[in-house]
Amino acid sequence: MQICSVCSEQTPKYKCPSCRVRYCSLGCYKRHKDACLPVEPAPPPHEAETTSNTEQWTVEDLLHEGDVVDKVPLQRLQRLGQSKELRDLLCNPHLRRLLRSVDAADIKSDAMKAAMQEPLFVEFSDQCLRIVDGEAEFSPFNEAADL
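Predicted, not measured: the structure shown is a model, and the values here were computed from it.

Criteria and cut-off values
- Residues numbered from 1 in each chain as written.
- Predicted model: local features only at pLDDT ≥ 70, side-chain atom pairs only at ≥ 80, totals over all residues.
- Heavy atoms only, no water.
- Helix = DSSP H or I, 4+ residues; strand = E, 2+ residues; numbered from the N terminus.
- Buried < 20%, exposed > 50% of the residue type's maximum accessible area, 1.4 Å probe, protein only.
- Contact = heavy atoms within 4.5 Å.
- Areas by Shrake-Rupley, 256 points an atom, 1.4 Å probe, with all protein chains shown as cover.
- Axes fitted to C-alpha atoms, helices over the stretch in contact; angles between N-to-C directions.
- Parallel < 35°, antiparallel > 145°, perpendicular 65-115°, else oblique.
- Nonpolar A, V, L, I, M, F, W, Y, C, P; charged D, E, K, R; others polar.
- Phe/Tyr/Trp six-rings, centres within 6.5 Å; stacked < 30°, edge-to-face > 60°.
- Polar contact = N/O pair within 3.5 Å; in protein donor to acceptor, adjacent residues only side chain to side chain.
- Core = buried A, V, L, I, M, F, W, Y, C linked by side-chain atoms within 4.5 Å.

Draft legend 1. Seen up close, the overall build of the protein chain. Counting its secondary structure elements, the protein chain contains nine helices and two strands. The buried share of the protein chain, taken over its 147 residues, is 22%. In the protein chain, the share of contacts with a sequence separation of at least 24, taken over all contacts with a separation of at least 6, comes to 38%. Taken as a whole, the protein chain presents about 11,700 Å² of accessible surface, with 54% of it coming from carbon and sulfur.

Have a look at this one:
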């Protein structure tokens, strides 16, 4: 189990977007940000290299080694490709535009916040989580009834 890189007391819930250091609270973030050393982004690949490479990316290609805690097992991710409900949602051109805009955004966190204001995007993300978590018949209306 990991501990906060700042206070070394609590389990970290957050990760610094600049340097990927894990921290547990706003107080720890404020102490950390003054000494933060951003990780240098990898140089962009040459266009010729990206167009000639036809191999599919693996989960390991998309995640850094330090992200082990955040990894979803490949078997669970493969459920996304097998879901008819998800495929049906992805037929919607508006959702596809939203996904492309998030993917193309320079500041992904801002793009995600904006996309999460769209009910269609929220429905898509909820469906993805249900599939990966393996939850049966989740409905926000059922939660409201339990209150």
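Draft legend 2. Structural detail: unusual backbone geometry. In the Ramachandran plot, Ser8 falls in the positive-phi region, its phi being about 55° despite a non-glycine side chain. Among the secondary structure elements, Ser8 is positioned in the segment before β1 (14–15). Owing to a relative accessible area of 47%, Ser8 belongs among the partly exposed residues under this scheme. Phi at Arg20 takes a positive value of approximately 70°, unusual for a residue other than glycine.

Draft legend 3. Representation of the packing of helix α6 (residues 93–104) against helix α8 (residues 119–133) within the structure. Running from amino to carboxyl end, α6 crosses α8 at an angle of 80°, the nearest separation of the two axes being 10 Å. As the angle between them shows, α6 and α8 are arranged roughly perpendicular. Between α6 and α8, the contacting residues are His94, Leu95, Leu98 and Leu99 on the first element and Leu120, Phe121 and Phe124 on the second. Its residues assigned to classes, the contact of α6 with α8 comprises six nonpolar, one polar and no charged.

Draft legend 4. Region of the structure containing the environment of Glu9. Tracing the chain through its elements places Glu9 in the segment before β1. Separated by 14 residues in the primary sequence, Glu9 and Tyr23 place their C-alpha atoms 9.9 Å from one another.

Draft legend 5. Representation of the packing of aromatic side chains. If you walk through the whole model with that rule in mind, you get three aromatic pairs. Through a chain of ring-to-ring contacts, three or more aromatic side chains come together here, namely Tyr14, Tyr23 and Tyr29.

Draft legend 6. Representation of the environment of Arg130. On the secondary structure map, Arg130 appears in helix α8. Arg130 sits in the buried class, given a relative accessible area of 16%. Spatially, the C-alpha atom of Arg130 lies 9.7 Å from that of Leu80, the residues being 50 residues apart in sequence. Side-chain polar atoms of Arg130 contact the side chain of Gln127, separated by 2.8 Å.

Draft legend 7. Inspection of the nonpolar core at higher detail. In terms of nonpolar packing, the biggest core is built from 13 residues, with Leu86, Leu95, Phe121 and Phe124 touching the most fellow members. Those elements giving two or more residues to this core turn out to be α5 (84–90), α6, α7 (108–115) and α8. Sorting elements by how many residues they give to this core places α8 first, with five residues. Once residues lying within four places of it in the same chain are set aside, the contact partners of Leu95 are Leu89, Leu90, Leu120, Phe121 and Phe124. Judged by nonpolar contacts, the second largest core, of eight residues, contains Cys4, Cys7, Cys16 and Cys36.

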